[in-house]
Amino acid sequence: MKIDTTRAVITGGVSGLGLAVAQHLVAAGGKVALFDVNDDKGATAVAELGESNARFFRTDVTDEAQVEANLAAAKDFMGGLNAAINCAGILGAAACWAARHRCRCSSSRPPSWSTWSAASMSPRPRPT
Ligand SMILES: NC(=O)c1ccc[n+]([C@@H]2O[C@H](COP(=O)([O-])OP(=O)(O)OC[C@H]3O[C@@H](n4cnc5c(N)ncnc54)[C@H](O)[C@@H]3O)[C@@H](O)[C@H]2O)c1
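Residues numbered from 1 in each chain as written. Predicted model: local features only at pLDDT ≥ 70, side-chain atom pairs only at ≥ 80, totals over all residues.

A. Summary view of the site of the ligand. Taken together, 21 residues lie near the ligand, and G12, S15, G16, L17 and G89 sit nearest. Within the residue set of the shell around the ligand, elements represented by two or more residues are helix 1 (16-27) and strand 2 (31-36). The element that contributes the greatest number of residues to the shell around the ligand is helix 1, accounting for 3 residues. Here the shell around the ligand is composed, by residue class, of 9 nonpolar, 9 polar and 3 charged. (Near = placed C-beta within 6 Å. Helix = DSSP H or I, 4+ residues; strand = E, 2+ residues; numbered from the N terminus. Nonpolar A, V, L, I, M, F, W, Y, C, P; charged D, E, K, R; others polar.)

What follows is the structure, given as structure tokens:
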């Protein structure tokens, strides 16, 4: 893979794993489009990476229409699109908790971090 020709959309790209990938790609000559919901971090990331290498697109990845529209805009900005890096932190404690306990979550709200931490340290409930 020639990283200098990489034109990547990175979801969750303004923080953590996504930002680290963006920094790596840009340092090697690639271009990135950062899809995220955090405007402040988006501005900071673009300032760090350079406006000709990176652009922030406010995108909630759970909104298909937003993603579709911004993919087209990202492709225009980068002069192509050949990679997608998915790091948006949408699989939070609820998914982990449900997977661990092999159950379906009836609530759309994830449990609080303390609930998740407590659950992860507790023995798995016996099947009924
Ligand atoms: N950091 C790790 O070691 C690690 C290990 C395994 C799995 N993960 C998972 O990888 C993902 C990213 O981890 P991270 O440490 O980079 O987290 P992070 O919180 O630093 O970054 C996640 C980014 O996703 C963005 N985001 C959240 N909801 C969004 C949405 N609906 N649309 C677009 N962007 C959204 C946030 O604004 C944030 O910038 C998480 O789901 C995490 O659970 C992380």
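Back to the write-up after that little detour.
B. Structural detail: helix 3 (residues 64-78). With 15 residues, helix 3 extends 21 Å from end C-alpha to end C-alpha; this agrees with the ideal 21 Å at 1.5 Å per step. Buried within helix 3 are the following residues: N70, A74 and M78. Each buried residue of helix 3 lies within a common arc of 65° when the element is viewed along its axis, so the set occupies one face. Counted as exposed and oriented over 90 degrees from the buried face of helix 3: A65, E68, A72 and D76. Next to the buried residues of helix 3 lie strand 1 (7-11), strand 2 and strand 3 (54-58). Phi turns positive one or two residues past the end of helix 3, at G79, with a value near 70°. (Expected span 1.5 Å × (residues − 1). Buried ≥ 20, exposed ≤ 12 C-beta atoms within 10 Å, placed from the backbone. Arc of directions from axis to C-beta. Contact = placed C-beta atoms within 7 Å.)

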